[in-house]
Amino acid sequence: MGKLRIGVLGSTRGTDLEGIFKAIDEGKLRDVEVVCVISNKRDAYILERARQRGVEAIFIDPKGKDRESYDKEVAAELDKRGVDLILLIGYMRILSPWFVNKYKWRIMNIHPSLLPAFAGGMDLEVHKAVLDYGVKVTGCTLHFVDEGVDTGPIILQKAVPVEEDDTPETLKPKVQKAEQEIIVEAIKLFQEGRLKVEGRRVRILPAKVNIEHGLSVGMKLTEEYRVEEEHAARNIGSGEVKVLSTPSMIAFMEMTSNKLAQQHLPEGYVTVGSGINVRHINPAPIGENVKVTSEIIGIDGRKIKFKVTATWKDILIGEGEHERVIVNTENFIKKLTEKLRE
């Protein structure tokens, strides 16, 4: 994936935009680029902030246009620049349903309170409402935009204590600092594909861990196993002859795949089976040896896919596919212990 391309819509000073620029400069946001800032206010300082950074600053005059017509002009500018994520920073317009649906779950809005409390207001009026109500803790909310006002699924929130001597003017910069922190965090989560909307909730998915290993597609390992009494099932045809059972054949296949993977994993990591689909084709009698071959046919992050076959005297007795997942040994044991205690 290339750079994450961000488009910003704003109507005010856009202080939070500076937080994004700073995070990019400091390397907290990597492979992220703000490609344009669009405003419905010609003199909005957020446009000047963009110009100072060499970012395209675009004024679109809303005069005489209905919401959808205006939003289609905005969308044309965003699409022209290949925008992946849209951030609303002090944007004083309600988006049309057309726009919201076109960029569903790709529009984030920052609000200076802990929603759903004090929804609908802007800037200092929100902080004044907070102080007038006498709350002890305020904060900010970053949410995906839906067709309502400040009603979309909440991505992140951050609390800010209210001091006895706070005024709207002193509270505002404290909340803005928190806003910038969660905006940067949410951009990273979006970039990593870790935000999943489920109804009103936004689930934050676990981080994908990049593990340095020597595994590659095409690697093979063949192991030989002796079929003992404990591996036996009765031959359905005669009812007397004992042969290799399907569960035992699957166990041999899993052991072979695991051994192949384990040879190339760093210390502290193991593989855990996450699925196997095999056919048991022919019998293999007790006291004979079977050969099991496992070949890596796919690698997707921590998931490894194997093709497995089992033979006895050149007779194919079973074949199929097997998937294993690379896990941290310590974390896996911890989670397994917790599960057993439930």
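Below you will find a few notes about this structure. Bear in mind that the values here come from a model prediction, so they are computed numbers and not experimental data.

### Let's talk about the pattern of salt bridges
One pass over the structure, following the stated rule, counts 24 salt bridges. When the shortest N-O distance is used, the salt bridge between Arg-226 and Glu-228 registers 3.8 Å. By relative accessible area, Arg-226 is classed as partly exposed at 44%. A relative accessible area of 31% means that Glu-228 is categorised as partly exposed.

### Considerations on the sheet that holds strand 10 (residues 220-226)
Neighbouring strands of a sheet are bound in pairs by backbone hydrogen bonds; such pairs are parallel or else antiparallel. Spatial ordering of the open sheet is given by 10-14-15-16-13, a layout of five strands whose pairing is antiparallel. Two strands bound the open sheet, and with one partner strand each, they are strand 10 and strand 13 (269-280). In this sheet, adjacent strand axes meet at a mean angle of 25 degrees when their direction is disregarded. Strand direction decides the pairing type here: strand 14 (residues 289-300) and strand 15 (residues 303-312), joined by nine bridges, are antiparallel. For Ile-296, the partnering residue across the bridge sits in strand 15 and is Phe-306. Contacting strand 10, strand 13, strand 14, strand 15 and strand 16 (315-328), helix 7 (residues 246-262) crosses the sheet at an angle of about 140 degrees to strand 13. Along the sheet face, helix 8 (residues 329-341) touches strand 13 and strand 16 and points at about 95 degrees away from the line of strand 16.

### A word on the packing of aromatic side chains
Using the criterion set out here, one finds four aromatic pairs in the structure. Their ring planes at 80 degrees and their centres at 6.0 Å tell us that Phe-118 and Tyr-133 sit as a pair that is edge-to-face. Here Phe-118 is found in the loop between strand 5 (107-111) and helix 5 (123-133), whereas its partner Tyr-133 is found in helix 5, with 15 residues between them in sequence. Looking at Phe-118, the relative accessible area reads 24%, which means it is partly exposed. The lysine or arginine in question, Arg-93, covers the ring of Tyr-70, its NZ or CZ lying 4.1 Å from the ring centre. Positioned over the ring face of Trp-105 is Lys-104, at 4.4 Å from the centre of the ring.

How each quantity is defined
- Residues numbered from 1 in each chain as written.
- Predicted model: local features only at pLDDT ≥ 70, side-chain atom pairs only at ≥ 80, totals over all residues.
- Heavy atoms only, no water.
- Salt bridge = Lys/Arg side-chain N within 4 Å of Asp/Glu carboxyl O.
- Buried < 20%, exposed > 50% of the residue type's maximum accessible area, 1.4 Å probe, protein only.
- Pairing = 2+ DSSP bridges.
- Helix = DSSP H or I, 4+ residues; strand = E, 2+ residues; numbered from the N terminus.
- Axes fitted to C-alpha atoms, helices over the stretch in contact; angles between N-to-C directions.
- Contact = heavy atoms within 4.5 Å.
- Phe/Tyr/Trp six-rings, centres within 6.5 Å; stacked < 30°, edge-to-face > 60°.
- Lys NZ or Arg CZ within 6 Å of the ring centre and 35° of its normal.

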